[in-house]
Amino acid sequence: MMKKLALHWKILIALILAFSIGLWANFSTETSTEKPAWFENLHYFSNFVGSLFLNALKMVVIPLVMTSIICGVAKIGEDKDFGRLGIKTLLFYSLTGLLAVIVGLLCVNLIEPGHVDADLRERMLAGQTSMESGKMERAFQHADGGLKGILEIFQRMIPQNLFKAAVEGQLLGLIFFSLLFGFFVARLPKKLNESQTAFWEGLNTAILSITNFVISFAPYGVFGLVTPTLMMVGIETIFVMGTFASTVLLGLAIHSFMVLPLLLHFLGKISFFKHFQALSPALLTAFSTASSSATLPVTLDCITKRAGVSKKIASFTLPLGATMNMDGTALFECVVVVFLAQLFGVEMTWVTQSTVVVMALLTSIGVAGIPSASLVAIIVILHAVGFSEATISIGVGVVFVVDRILDMTRTAVNVLGDSCAAAIIGKSEGETGYYANPRG
Ligand code: ASP
């Protein structure tokens, strides 16, 4: 029975179980000062399962990002249109990313989901760690470190040592190298080019299969990741997180159903409805896997077969987009950082908020298209705007409670953004005959 269920249903069941068990464990031990042994064991083992899953995801990030970019660029790099297409793609990605971030900032500043009463805030934070009072203020002493953080990101774009960048998970550096590598693979003599392309494509396909295999364990992973958090935070956090989650979802909805349709209409004379219909299998896959990279084969299939965009445009824009263009992620990162600042009672000046905008745009480029990847970017941004280590781990823990469902949604928005880019860029290159066969 369980075997026949689609992955997204299994994940939903795992989430419901995690919520029920986690909250029940929290509720039934709320008054006890010392937690019973079953509580400790449940916490330990679910945590163990969760970290196995996270480790497995982290394991595939680097080869996945590198091979998909190398393959995408190597395919188009020999074309004389490479420069023009590249510039168009990057401009479009920057534009949609910027619009997404602005929508996110507006929503979080208007709704203010982090402004909770002092008592609840204390209890939420006490659930995360045993932080002494007074440490919180000290945590923000270096709240002006934003500019340095951004410059460091640019610095990391050109890694001194490729292997060090890989070991440290510096994705931006690896992306930069992969772009260069793909570009020059395309310029190799025919024989070498063929063997290189075949090699990287084989590697990419194998890595995508590993990713899919890892994602098939997502229900267990989700259970393992969410249960211990809920055991520690309890029901009140969920209420606070409810407003936060609604803020993110509202922002994502505005971006998907207002901003992107307007862009499709004005820049490509494309009907959003037809586009959405053609892309629906990819959007559902993105929603259920919470991974743009794992969705990439489906996105490519939909955009070429159902939407009618050429392979040339699709294979350049989509693999790049799956790693570099993440509208939903950028929006989410912005909302999270401002939300946490509100929660911790930190004033966010417009200068700091602009830093967040730039950082969200830059880090969403570096985030891999895998589940929960943006939490890493959030850590980078929080560091850059001056949050201390301790505050960061509390903040990320708080956000993690609702991360899965938001991840599913923002990934679908990420994929939608990539597919809009492919369709609009295709149109601008003179392609016609889109959406003739949306059900095919
Ligand atoms: N899961 C997202 C994606 O694959 C990345 C993230 O925001 O965590 O697009």
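The coordinates are above.
I will try to describe carefully the structure that is included in this document. Only a predicted model underlies this, so the values are computations on that prediction, with no experimental measurement involved.

Right, let's talk about the overall build of the chain for a bit. Within the chain, the secondary structure is distributed over 19 helices and zero strands. Within the chain, the fraction of its 440 residues that count as buried is 54%. The contacts of the chain with a sequence gap of at least 6 include a subset with a gap of at least 24, amounting to 83%. With the model as given, the accessible surface of the chain reaches about 19900 Å², and the carbon-plus-sulfur share is 68%.

In this section: the site of the ligand. With respect to spatial proximity, 16 residues lie near the ligand, and among them Ser 292, Thr 329, Asp 407, Arg 410 and Asn 414 are the closest. Backbone polar atom of Ala 290 to a nitrogen atom of the ligand: 2.9 Å apart, as the coordinates give it. Note that an oxygen atom of the ligand is positioned 2.6 Å from one of the side-chain N or O atoms of Arg 410. Protein contact buries 100% of the 270 Å² of open area that the ligand shows by itself. With respect to the detected pockets, the ligand is housed in the second largest cavity. For the shell around the ligand, the element with the highest residue contribution is helix α19 (residues 403–428), accounting for four residues. Here the shell around the ligand is composed, by residue class, of six nonpolar, eight polar and two charged.

Next up on the list: the packing of helix α13 (residues 292–306) against α19. Relative to each other, α13 and α19 sit at 40 degrees, their axes nearing to 11 Å. With respect to α19, the axis of α13 lies oblique. As α13 packs across α19, the resulting crossing turns out to be right-handed. On α19, the residues that touch Ser 292, Thr 295, Thr 299 and Ile 303 of α13 are Thr 411, Asn 414, Val 415, Ser 419 and Ala 422. For the contact of α13 with α19, the residue count by class is three nonpolar, six polar and no charged.

So, on to empty space enclosed by the protein. Gaps left between atoms are located by rolling a probe of water-molecule size over the structure's atoms. Summed over all chains, the structure comprises two cavities of 30 Å³ or more. Volume-wise, the second largest cavity comes out at about 60 Å³. Lining the second largest cavity we find 15 residues, and of these Thr 329, Ala 368, Ile 370, Asp 407 and Asn 414 sit closest to its centre. A per-element tally of the lining of the second largest cavity places α19 first, with four residues. Within the lining of the second largest cavity, the residues separate by chemical class into six nonpolar, seven polar and two charged.

Rules behind the numbers
Residues numbered from 1 in each chain as written. Predicted model: local features only at pLDDT ≥ 70, side-chain atom pairs only at ≥ 80, totals over all residues. Heavy atoms only, no water. Helix = DSSP H or I, 4+ residues; strand = E, 2+ residues; numbered from the N terminus. Buried < 20%, exposed > 50% of the residue type's maximum accessible area, 1.4 Å probe, protein only. Contact = heavy atoms within 4.5 Å. Areas by Shrake-Rupley, 256 points an atom, 1.4 Å probe, with all protein chains shown as cover. Near = heavy atom within 4 Å. Polar contact = N/O pair within 3.5 Å; in protein donor to acceptor, adjacent residues only side chain to side chain. 1 Å grid on protein atoms, 1.4 Å probe; cavity = no way out; pocket = protein on both sides within 12 Å on 5 of 7 lines; lining within 4 Å. Sits in = over half its atoms within 2 Å of the grid points. Nonpolar A, V, L, I, M, F, W, Y, C, P; charged D, E, K, R; others polar. Axes fitted to C-alpha atoms, helices over the stretch in contact; angles between N-to-C directions. Parallel < 35°, antiparallel > 145°, perpendicular 65-115°, else oblique. Left-handed = near helix turned anticlockwise from the far one by under 90°. Points joined across faces, edges and corners; volume = space filled by probe spheres on them.

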